[in-house]
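An overview of the molecular structure
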Amino acid sequence: MKPLSMTRTPRISPLLPSLLATALLVGPVVAAEAATHKTKAQAAAARKAKSAAPAEQAMTTDANGRSIPLLQNKAWVLMDYSTGQILASSNPDEPLPPASLTKMMTSYLVEQALKTGKVKPDDKVTMSENAWCRGGKNGDSCMFVPLNAQASLMDMLRGVVIASGNDASKALAEHVGGSEAGFVAMMNAEAAKLGMTKTHFENSDGLPGANHKASARDLAVLAAAIIRNSPEFYPIYAEREFTYNNIKQGNRNALLYTDPTVDGLKTGHTQEAGYCLTASSTRNGMRLISVILNANSMQARADQTRVLFNWGYANFEQATPAQAGAALTTPKVLYGVVPEVAAGVPTAWSLVVPKGQAAAVKTEVMLNPGLEAPIAKGAVIGKAVAVADGKVLGEAPVVALADVERAGFFLRIKQRVAGWFSK
């Protein structure tokens, strides 16, 4: 009997060649698909990164051939506060619905009434039925003072500036003007005084009215008046929130939360007016004011304002051709107790010029001919002209910096005779 063999020949499945062939074919396909998926993921990530990157700002050319931002709205203005110069604009003088930018005039008149003592900060202001906001229906923005209740005048002012309350606006109008109609007459009188020639108010809150219109330029002028003439109240425009009756409301000016250089002023929105924003920013001692009218969203009005401020500060700088009280020249004076007088500008004279030109600004003085005593201190005796590269940039009055009394009879005779021999 033969011993059993311990070696066994393995059985090869007839399917093995097919399986090997399939593996050889599928492997590259799977690898290729994996590579394709990776490429698609990379492409998607690249597209996402590209879409997240800020788009390059579109530009256009203004009437003076300058390159300025192209913004999607009906009108805008960028103004230098200290000089009132319009640095750039689009459709600045068309009267358009201003929505709650109207409330800048309402708050301004209340602030001026506080300054004159006509009203007091702790005055109790009544919420009449005419002013009362019925729960924010119809999209009204409200401070939410109950019907016939009273709130302090300063709370009402914050209700206008921060919460944009239509109810607070009307209640203050009635308190200061006797009636809203009386207050509206005050609004239009003040607009005329400020030179807001394209503006007409019909109410104190900015809700649509057939002839309730304001231009972007006029609203910039109004913003400047608030900053200049209401310095003790202007910080309210930078407050981010206001709580009344346990209802906390945030300031609708989004730039207050994202740009520390912005300190006001007011937002507005109605279906007719679109999204509006008047804002002010100060960087390196230079304050700019922007107005956006009829943008298509809250985000758009904020983004467009950022564009204007960044563009303005990147392209302009301040120049000071003359300091207040500094003598620019000492012209001769006929028949005075002194033979000449120091002349200069009465207040600091600033200009906004294209970036890099401030050092090139020169000042030329043109005096009135034949200056003759008496001359009072502060009397205008000529003008100063700021020039750079042969181009006139601006003018300012030149005044006498001291009194010059008229000489007595014999001194005048002596001067006249001396004048004959000096010719």
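Since this is a predicted model, take the numbers as computed values, not measurements. (Residues numbered from 1 in each chain as written. Predicted model: local features only at pLDDT ≥ 70, side-chain atom pairs only at ≥ 80, totals over all residues. Heavy atoms only, no water.)

**Considering the packing of helix H2 (residues 103-116) against helix H5 (residues 180-194)**
- Here H2 crosses H5 at 95 degrees, and the two axes come no closer than 10 Å. By the criterion of interaxial angle, the relationship of H2 to H5 is roughly perpendicular. For the pair H2 and H5, contact is made by Met105, Thr106, Tyr108 and Leu109 and by Phe183, Met186, Met187, Glu190, Ala191 and Leu194, respectively. (Axes fitted to C-alpha atoms, helices over the stretch in contact; angles between N-to-C directions. Helix = DSSP H or I, 4+ residues; strand = E, 2+ residues; numbered from the N terminus. Parallel < 35°, antiparallel > 145°, perpendicular 65-115°, else oblique. Contact = heavy atoms within 4.5 Å.)

**Structural notes on the layout of surface pockets**
- Taken as a whole, the largest pocket holds about 460 Å³ of empty space.
- If you go around the largest pocket, you meet 18 residues; those closest to its centre are Arg66, Phe316, Pro354, Lys391 and Leu393.
- Counting only elements with at least two residues in the lining of the largest pocket, the list comes to strand E4 (86-90), strand E14 (349-354) and strand E17 (391-400).
- For the lining of the largest pocket, the leading source of residues is E14, giving 4 residues.
- Residue composition of the lining of the largest pocket, grouped by class: 10 nonpolar, 5 polar and 3 charged. (1 Å grid on protein atoms, 1.4 Å probe; cavity = no way out; pocket = protein on both sides within 12 Å on 5 of 7 lines; lining within 4 Å. Points joined across faces, edges and corners; volume = space filled by probe spheres on them. Nonpolar A, V, L, I, M, F, W, Y, C, P; charged D, E, K, R; others polar.)

**Let's talk about the sheet that holds strand E10 (residues 274-283)**
- Taken in spatial order, the 5 strands line up as E4-E3-E11-E10-E9 in an open sheet, and their pairing is antiparallel. A strand with exactly one partner marks an edge of an open sheet, and here the two such strands are E4 and strand E9 (262-270). Taking each pair of neighbouring strands and ignoring which way they run, the sheet shows an average axis angle of 5 degrees. (Pairing = 2+ DSSP bridges.)

**Re helix H6 (residues 216-229)**
- Taking 1.5 Å as the rise per residue, H6 with 14 residues should run 20 Å; its terminal C-alpha atoms sit 20 Å apart, in good agreement.
- Along H6, 10 of the 14 residues are buried, which leaves the element largely enclosed by surrounding structure.
- Residues of H6 that are buried include every one of Ala216, Asp218, Leu219, Ala220, Leu222, Ala223, Ala224, Ala225, Ile226 and Ile227, and no others.
- Of the surrounding secondary structure, the elements contacted by the buried residues of H6 are strand E3 (75-80), H2, H5, E9, E10 and strand E11 (286-295). (Expected span 1.5 Å × (residues − 1). Buried < 20%, exposed > 50% of the residue type's maximum accessible area, 1.4 Å probe, protein only.)

**Description of the environment of Thr243**
- Its location among the elements puts Thr243 in strand E7 (residues 241-244).
- Along the sequence, Thr243 and Ala163 sit 80 residues apart, while their C-alpha atoms lie 9.0 Å from each other.

**Thoughts on the state of the cysteines**
- Taken as a whole, this structure holds 1 disulfide when the rule is applied.
- A sulfur-sulfur separation of 1.7 Å characterises the disulfide bridge that pairs Cys133 with Cys142. (Disulfide = S-S within 2.5 Å.)

**Quick word on the pattern of salt bridges**
- Inspection of every chain in the model, using the stated rule, returns 11 salt bridges.
- Across the salt bridge formed by Asp259 and Arg283, the nearest N and O atoms sit 3.2 Å from each other. Taken together, the positions of Asp259 in the loop between helix H7 (255-258) and E9 and Arg283 in strand E10 put the pair 24 residues apart, joining distant regions of the chain.
- You can call Arg283 partly exposed: its relative accessible area is 22%.
- Between Arg306 and Asp303 there is a salt bridge, with its nearest N and O atoms 2.8 Å apart. Of this pair, Arg306 and Asp303 both sit in helix H8 (residues 298-315), separated by 3 residues, roughly a single helical turn. (Salt bridge = Lys/Arg side-chain N within 4 Å of Asp/Glu carboxyl O.)

**Section: the packing of H2 against H6**
- It is at 10 Å that the axes of H2 and H6 come closest, and there the two elements cross at 25 degrees. Comparing their axes, H6 and H2 come out roughly parallel. Crossing of H2 over H6 shows left-handed handedness. Here H2 contributes Met104, Met105, Tyr108, Glu111, Gln112 and Lys115 to the contact with H6, which in turn contributes Leu219, Leu222, Ala223, Ala225, Ile226 and Asn229.
- Considering only residue class, the contact of H2 with H6 consists of 8 nonpolar, 2 polar and 2 charged. (Left-handed = near helix turned anticlockwise from the far one by under 90°.)

**Focus on the sheet that holds E17**
- As summarised here, the arrangement of the 4 strands in space is E13-E17-E16-E15, forming an open sheet in which the pairing is antiparallel. Two strands in the sheet have a free side with no partner beyond their single neighbour: strand E13 (343-344) and strand E15 (362-367).
- Pairing geometry for strand E16 (residues 380-388) and E17, over 8 bridges, is antiparallel. Within the sheet, the bridge partner assigned to Val387 lies in E17 and is Val392.

**A look at the environment of Ser281**
- Here Ser281 lies in strand E10.
- Between the C-alpha atoms of Ser281 and Phe309, which are 28 residues apart in sequence, the distance is 7.4 Å.
- Discounting chain neighbours no more than four positions away, the residues touching Ser281 are Thr261, Val262, Met286, Arg287, Leu288, Phe309 and Tyr313.
- Within the local environment of Ser281, its side chain forms a polar contact with the side chain of Thr261, the two groups lying 2.8 Å apart. (Polar contact = N/O pair within 3.5 Å; in protein donor to acceptor, adjacent residues only side chain to side chain.)

**Remarks on empty space enclosed by the protein**
- Under the defined criterion, the tally for this structure stands at 1 cavity of 30 Å³ or more.
- In this model, the largest cavity occupies a volume close to 30 Å³.
- If you trace the largest cavity, you find it lined by Pro97, Pro98, Ala99, Gly206, Leu207, Pro208, Gly209, His212, Thr270, Glu272 and Ala273.
- Along the lines of polarity and charge, the residues of the lining of the largest cavity split into 6 nonpolar, 4 polar and 1 charged.

**Topic: the confidence of the model for the chain**
- In the predicted model, the chain carries a mean pLDDT of 86, and 82% of its residues have values of at least 70.
- Confidence drops under a pLDDT of 50 for residues 1-39, and excluding neighbours within four residues, the segment shows 1 contact in the predicted structure.
- Across residues 48-53 the pLDDT falls below 50, and counting only partners more than four positions away or on other chains, this stretch makes 0 contacts in the model. (pLDDT = per-residue confidence, 0-100.)

**So, the packing of aromatic side chains**
- This model, assessed by the stated rule, comprises 2 aromatic pairs.
- A ring pair is formed by Tyr234 and Tyr237, whose centres lie 5.5 Å apart and whose planes are at 25 degrees; its orientation type is stacked.
- Measuring from ring centre to ring centre gives 5.6 Å for Trp311 and Phe316, while their planes differ by 70 degrees; the resulting arrangement is edge-to-face.
- Accessibility expressed as a relative area gives 12% for Trp311, which makes it buried.
- By relative accessible area, which is 9% here, Phe316 ends up buried.
- Positioned over the ring face of Tyr81 is Arg287, at 6.0 Å from the centre of the ring. (Phe/Tyr/Trp six-rings, centres within 6.5 Å; stacked < 30°, edge-to-face > 60°. Lys NZ or Arg CZ within 6 Å of the ring centre and 35° of its normal.)

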